[in-house]
Amino acid sequence: MHLAHYLGLLHKAQCRLGDAFEEVGTAHRDEPDVFHSCQKLATQCRGHAERLVPFARRYAEDAPAEPDRLHSELFTGTRTGGIGLLRDLQDLYLMAAECDISWTVVGQAAYGARDEELLAVVRACEGETANQLKWLRTRMKQAAPQALVVAD
C-alpha cells in the first residue's frame, strides 16, 4: 500500500511548514499581524502533524525527503524589508500548497480504504490548510503594493 508514502510526505511537510511559519513570523516580528498569525499557524501545522501520528503507525509511514528539500530550497534564510516579507510569504504559500494537495490525495486514499478515522482528520486539517492559503494570499495582496511600487 502506497498510502504510507503519502502519509510520510504529509507528516513531514506539515512539520516543515510549521518550522517555516515560525521562521517567517520571527523574522518579521516588526509586522505584528505577521508575527502573531505565523505563530498561530505554526502551532496549527504541528497539530496537524501530531494528528497524523496514529495513522503513520497504522500504515507504517514511509518518510520521503521531498519536504526537507522544499524547505531547504525555499528557506535558505528569511529576507528583510517589504520585498523580503512578500517573498517569504510566497515561499510559505508554496509549502502550504504542497500540504493542501497532499491532504486531498490522502483523503482520497482514506475514502478508498474506508478509513473513517483518517478521513475525519483529513477533513478537519485540509479545511485549516485552505484557510492558511487564504490568509497567505490576502497578506501577500496587502504587502504587494508597498513592496513593489513604493520606493525604499
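Structure: see above.
So, a few notes on the structure that sits alongside this text. Each residue is numbered by its place in its chain's sequence as written, counting from 1. Residue-level local features of this predicted model are given only where pLDDT is at least 70; pairs of side-chain atoms are given and counted only at 80 or more, and the full residue set underlies all totals for whole chains, interfaces and linings. The side-chain quantities take in all heavy atoms of the structure and omit both hydrogens and water.

**A few points about the layout of surface pockets**
Consideration 1: Of the grid points, spaced at 1 Å and generated over the protein atoms alone, those admitting a 1.4 Å probe that cannot get out make up cavities, while open sets with protein on both sides within 12 Å along at least five of seven lines make up pockets; any residue with an atom within 4 Å of a point is treated as lining. Grid points are joined across faces, edges and corners, and a volume is the space filled by probe spheres set on the points. The volume enclosed by the largest pocket comes to roughly 180 Å³.
Consideration 2: As for the largest pocket, its lining consists of 14 residues, and the residues nearest its centre are Asp30, Glu31, Gly81, Gly82 and Leu85.
Consideration 3: Only DSSP runs of H or I covering at least 4 residues are called helices, and only runs of E covering at least 2 are called strands; the numbering of each starts at the N terminus. Within the residue set of the lining of the largest pocket, elements represented by two or more residues are helix 4 (81-113) and helix 5 (116-148).
Consideration 4: Ranked by the residues each element gives to the lining of the largest pocket, the list is headed by helix 5, at five residues.
Consideration 5: Residues that form the lining of the largest pocket fall into these classes: four nonpolar, six polar and four charged. Amino acid classes used here: Ala, Val, Leu, Ile, Met, Phe, Trp, Tyr, Cys and Pro are nonpolar; Asp, Glu, Lys and Arg are charged; the rest, including Gly, are polar.

**Some thoughts on the packing of helix 4 against helix 5**
Consideration 1: Axes, fitted as lines to C-alpha atoms, cover a helix only where it is in contact. Angles between the N-to-C directions of the axes lie from 0 to 180 degrees. Where helix 4 contacts helix 5, the two axes come as close as 8 Å, and the packing angle between them is 160 degrees. Relative to helix 5, the element helix 4 is oriented roughly antiparallel. Crossing of helix 4 over helix 5 shows left-handed handedness.
Consideration 2: Considering only residue class, the contact of helix 4 with helix 5 consists of 27 nonpolar, five polar and four charged. Should an angle fall under 35 degrees it is called roughly parallel, over 145 degrees roughly antiparallel, and 65 to 115 degrees roughly perpendicular, with every other angle called oblique. Helix crossings fall into two classes, left-handed where the near helix is turned counterclockwise from the far one by less than a right angle and right-handed where it is turned clockwise.

**Structural notes on the side chain of Thr129**
Consideration 1: By the secondary structure assignment, Thr129 is in helix 5.
Consideration 2: Classification of Thr129 as buried rests on a relative accessible area of 0%.
Consideration 3: Contact between two residues is taken to exist if any of their heavy atoms lie within 4.5 Å; hydrogens are not considered. Apart from the residues lying within four places of it in its own chain, the contact partners of Thr129 are Gln14, His48, Ala96, Cys99, Asp100 and Trp103. Burial status follows relative accessibility: with a 1.4 Å probe on protein chains alone, a residue under 20% of its type maximum counts as buried, one over 50% as exposed, and anything between as partly exposed.

**Concerning the environment of Ala124**
Consideration 1: Among the structural elements, Ala124 can be located in helix 5.
Consideration 2: Residues Ala124 and His48 lie 76 residues apart in sequence; the distance between their C-alpha atoms is 9.1 Å.

**Regarding the side chain of His28**
Consideration 1: On the secondary structure map, His28 appears in the loop between helix 1 (3-27) and helix 2 (32-58).
Consideration 2: Owing to a relative accessible area of 3%, His28 belongs among the buried residues under this scheme.

**Some details on the environment of His11**
Consideration 1: As for its placement among the helices and strands, His11 is situated in helix 1.
Consideration 2: Taking the C-alpha atoms as reference points, His11 and Cys99, separated by 88 residues in sequence, lie 8.9 Å from one another.

Everything listed is a geometric property; what it means functionally is a separate question.
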